[in-house]
Amino acid sequence: MLRLRNVDLAYGRIQAVRRASLHVGKGEIVALIGANGAGKTTMLTAVSGLMRPASGSIEFDGRDITRAQADAIVRAGVSHVPEGRLVFGPMTVEDNLLLGSFTRHRLGRRTDVRPELEQVYAMFPRLEERRLQAAGTLSGGEQQMVAIGRALMAKPKMLLLDEPGMGLAPTVTKEIFRYILKLRDALGLTVLLVEQNARAALRIADRGYVLETGRILLQGPAGELLANNDVQRAYLGRD
Ligand code: ATP
């Protein structure tokens with residue numbers, strides 16, 4: 001479904017990612033793990049068209065999207081849930097969700113987004129209970145649900161999730177990760193998950209990639225990476 005080939009990404013003279021190749025099959029959950037500054041977020045921004053590769057190619061759903069605009073990539077079926085969630089605090093939960101359907105409205109035409117809104121509320125009943133509450137007053141875990149729900153409103157085939165567990169208590173992280181599994185199992189979504197909590201990510205992932213200073217160092221089935229001594233020493237620590 002998604003394939004990056006030999007992708008180079010740079011911020012001016014800073015080379016953040018070097019010749020990275022990665023693929024995510026339809027319906028797979030793939031984890032991209034690595035330390036701070038390894039280039040994980042940079043790779044996601046390249047997939048969603050917010051940054052252009054200096055070289056290499058990106059293909060999604062059989063189409064070359066290497067130079068496509070970000071809104072076209074959303075319409076092609078990729079939704080990005082950014083690091084730090086970026087919900088609009090003063091706006092209600094429901095208005096935040098509705099923002100996610102923005103790219104589906106064509107000039108002069110109204111698109112019925114109620115089926116998606118209902119689907120989001122069925123997935124996250126807590127958001128329905130709080131639909132008129134200002135999103136900024138929600139807990140961190142609930143705000144993450146809003147960020148994911150907003151991404152679902154674009155009717156994606158694939159979700160890019162950037163550190164969904166960031167700043168959350170371990171039990172809340174577990175809850176969010178259970179939701180990610182459910183999104184794949186119930187909705188058939190394909191997921192590329194960036195996460196510093198490597199253990200939590202590899203537990204729900206089918207496969208994983210380890211990124212170190214901009215290079216893909218290791219890849220394999222999630223169970224193998226969890227059992228790998230080097231991965232354990234560098235990224236897993238104690239449970
Ligand atoms: P983190 O988990 O801390 O978000 P990451 O693996 O997602 O780390 P990136 O944010 O992709 O890492 O950063 C990769 C490298 O690119 C780092 O060296 C970082 O300093 C650099 N970088 C990121 N964003 C910019 C930017 N806007 N301008 C210049 N350099 C940047």
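For the structure, see preceding data.
On a predicted model such as this, the values are computed, not experimentally measured, just so you know.

Caption draft 1: Region of interest: the pairing of strand E4 (residues 55-60). Pairing geometry for strand E1 (residues 2-11) and E4, over five bridges, is antiparallel. By the bridge assignment, Arg-3 is partnered in E4 with Glu-59. Relative to strand E5 (residues 63-64), E4 is paired through two bridges, and the arrangement is antiparallel. Of the residues in E5, the one forming a bridge with Glu-59 is Asp-64. Where E4 hands over to E5, the hairpin turn is made up of two residues, of which Asp-61 adopts a positive phi near 50°.

Caption draft 2: Looking closely at the nonpolar core. Core analysis: the biggest nonpolar cluster contains 46 residues, and Phe-124, Ile-148, Leu-159 and Ile-180 have the highest contact counts within it. The element that contributes the greatest number of residues to this core is helix H6 (residues 140-152), accounting for six residues. Once you skip the residues sitting within four places of it in the chain, Phe-124 turns out to touch Met-145, Ile-148, Gly-149, Leu-152 and Tyr-179.

Caption draft 3: Region of the structure containing the site of the ligand. Around the ligand, 14 residues are found, and the nearest of them are Asn-36, Gly-37, Lys-40, Thr-41 and Thr-42. Taking Thr-41, its side chain carries an N or O atom lying 2.7 Å from an oxygen atom of the ligand. About the coverage of the ligand: the protein hides 62% of its 630 Å² of free accessible area. Among the elements of the structure, strand E2 (14-24) and helix H1 (40-47) are those that each provide at least two residues to the shell around the ligand. Among the elements that line the shell around the ligand, the one with the most residues is H1, at three residues. Here the residues of the shell around the ligand are counted per class, giving five nonpolar, six polar and three charged.

Caption draft 4: The pattern of salt bridges, seen in detail. Taken as a whole, this structure holds 14 salt bridges when the rule is applied. A salt bridge links Arg-130 to Glu-129; its shortest N-O distance comes to 3.2 Å. When its relative accessible area of 23% is taken as the criterion, Arg-130 is described as partly exposed. Several salt bridges converge on common partners, so that one network encompasses Arg-126, Glu-129, Arg-130, Glu-142 and Glu-175.

Basis of the calculations
Residues numbered from 1 in each chain as written. Predicted model: local features only at pLDDT ≥ 70, side-chain atom pairs only at ≥ 80, totals over all residues. Heavy atoms only, no water. Pairing = 2+ DSSP bridges. Helix = DSSP H or I, 4+ residues; strand = E, 2+ residues; numbered from the N terminus. Core = buried A, V, L, I, M, F, W, Y, C linked by side-chain atoms within 4.5 Å. Buried < 20%, exposed > 50% of the residue type's maximum accessible area, 1.4 Å probe, protein only. Contact = heavy atoms within 4.5 Å. Near = heavy atom within 4 Å. Polar contact = N/O pair within 3.5 Å; in protein donor to acceptor, adjacent residues only side chain to side chain. Areas by Shrake-Rupley, 256 points an atom, 1.4 Å probe, with all protein chains shown as cover. Nonpolar A, V, L, I, M, F, W, Y, C, P; charged D, E, K, R; others polar. Salt bridge = Lys/Arg side-chain N within 4 Å of Asp/Glu carboxyl O.

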